[in-house]
Amino acid sequence: MNKKQKQSGFSHIMIITIILAVALVGTLGYVFYQNFIQKKDTTVSGTSTASKTTSDKTTATTPTTTNATTPAATTKTTSTTTTTPTNPNAGYLVLSDWGVKFKVPSDTGNREIRYYKGNQNGGDYYRFTTSEVEQLGGECSIASIFTVSRSTKTPQQAPNDTWVTDGALLKQIGGYYYYQFPSLSDCSNGASSLPAQDYTLVHELVTSMQQS
């Protein structure tokens, strides 16, 4: 009986000892966890956060600043004025084949000066008239108020040339002598006389002859 009680008591002591040992180990483990493991995790976590913050700050994009006061480029514009050359023959009647021109009177009224080129006895000439005279009809439609011829000779050098001897020397231009022949007093068998205004107009034109 005593032996069984001793064994039972010993068993109880062992169980209590084991429980106390387990409790002690658990307590020590808990203390160790609190003082070392959790503190280490907290430190590591804090370090990670700080590192993230630092990383975010480092990779931040710096905005580009544009200087609004930079002056705009200035384009220099050169103004070019085109000058239309003056026509030296404006207001003139030009005979390009002869190289001469005639100043057209400023006041011609309703009359139009007309001219025609001809050739006779080897010499060329121009006859001048007006639209007013041509409208008289008859011979007036083909008559001239003034005729102008040219020759390289003077009357003394060409005594048989009527285009020279019958005319009055008008101008000497270049190597030519120009002669003028006045009109007839009438051009319709004596029925119609040349209007004085037309005569004056054509005479003013012919005597203004010059080199073109």
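**Overview of the overall build of the chain**
What the chain contains, in helices and strands, is 4 helices and 8 strands. Across the chain, helices and strands are ordered from the amino to the carboxyl terminus as α-β-β-β-β-α-β-α-β-β-α-β. A burial count over the chain gives 25% of its 212 residues as buried. At a minimum sequence separation of 6, the contacts of the chain that also span at least 24 residues come to 52%.

**What to know about the pairing of strand E6 (residues 168–173)**
A regular strand places its side chains on the two faces of the sheet in alternate fashion. Where E6 meets strand E7 (residues 176–182), 5 bridges bridge the pair, whose relative direction is antiparallel. Across the sheet, residue Ala168 finds its bridge partner in E7, namely Gln180. In this antiparallel pair of consecutive strands, E6 and E7, the connection spans 2 residues, and Gly174 shows a positive phi of 65°.

**A look at the sheet that holds strand E2 (residues 100–103)**
Across the sheet, 3 strands lie side by side as E1-E2-E8; this open sheet has antiparallel pairing. Each having just a single partner strand, strand E1 (92–95) and strand E8 (210–211) make up the two edges of the open sheet. For E1 and E2, the ladder comprises 4 bridges, and the chain directions are antiparallel. Paired with Val94 across the bridge in E2 is Lys101.

**Considering the pattern of salt bridges**
Applying the stated rule across the entire model yields 5 salt bridges. For the salt bridge of Arg111 with Asp198, the shortest nitrogen-to-oxygen distance reads 2.8 Å. Here Arg111, found in the loop between E2 and strand E3 (113–120), pairs with Asp198, found in helix H4 (residues 196–206); they are 87 residues apart in sequence, far enough to count as distant. As far as burial versus exposure is concerned, Arg111 and Asp198 are alike and both buried. With a closest N to O distance of 2.5 Å, Glu134 and Arg114 form a salt bridge. Here the residue Glu134 occupies a position in helix H2 (residues 131–134), and Arg114 occupies one in strand E3, the gap between them amounting to 20 residues.

**Quick look at the nonpolar core**
Residues Leu95, Val100, Phe102, Phe128 and Tyr178 are the most contacted members of the largest nonpolar core, which totals 22 residues. Looking at this core, the elements that each hand over two or more residues are E1, E2, strand E4 (123–130), strand E5 (146–151), E6 and H4. By residue number, the principal contributor to this core is H4, which donates 4 residues. Excluding residues that lie within four positions of it along the chain, Tyr178 makes contacts with Trp98, Val100, Val148, Ser149, Arg150, Ala168, Leu169, Leu170, Lys171, Ile173 and Met209.

**Describing the sheet that holds E6**
Taken in spatial order, the 5 strands line up as E3-E4-E5-E7-E6 in an open sheet, and their pairing is antiparallel. A single partner strand is all that each edge strand has here, and the edge strands are E3 and E6. Sheet twist, expressed as the average angle between the axes of neighbouring strands with direction ignored, equals 25°. Of the pairings in the sheet, the one linking E5 to E7 comprises 6 bridges and is antiparallel in character.

**Things to note about the packing of aromatic side chains**
Taken as a whole and judged by the stated rule, the model has 9 aromatic pairs. For the ring pair Tyr115 and Tyr126, a centre distance of 6.2 Å and an interplane angle of 50° mean the geometry is tilted. Of this pair, Tyr115 sits in strand E3 while Tyr126 sits in strand E4; the two residues are 11 residues apart in sequence, bridging distant segments of the chain. The class for Tyr115 is partly exposed, based on a relative accessible area of 36%. Residue class for Tyr126 comes out buried when judged on its relative accessible area of 7%. Pairing Trp163 with Phe181 gives two aromatic rings, centres 5.5 Å apart and planes at 90°, and the pair type is edge-to-face.

About the cut-offs
Residues numbered from 1 in each chain as written. Predicted model: local features only at pLDDT ≥ 70, side-chain atom pairs only at ≥ 80, totals over all residues. Heavy atoms only, no water. Helix = DSSP H or I, 4+ residues; strand = E, 2+ residues; numbered from the N terminus. Buried < 20%, exposed > 50% of the residue type's maximum accessible area, 1.4 Å probe, protein only. Contact = heavy atoms within 4.5 Å. Pairing = 2+ DSSP bridges. Salt bridge = Lys/Arg side-chain N within 4 Å of Asp/Glu carboxyl O. Core = buried A, V, L, I, M, F, W, Y, C linked by side-chain atoms within 4.5 Å. Axes fitted to C-alpha atoms, helices over the stretch in contact; angles between N-to-C directions. Phe/Tyr/Trp six-rings, centres within 6.5 Å; stacked < 30°, edge-to-face > 60°.

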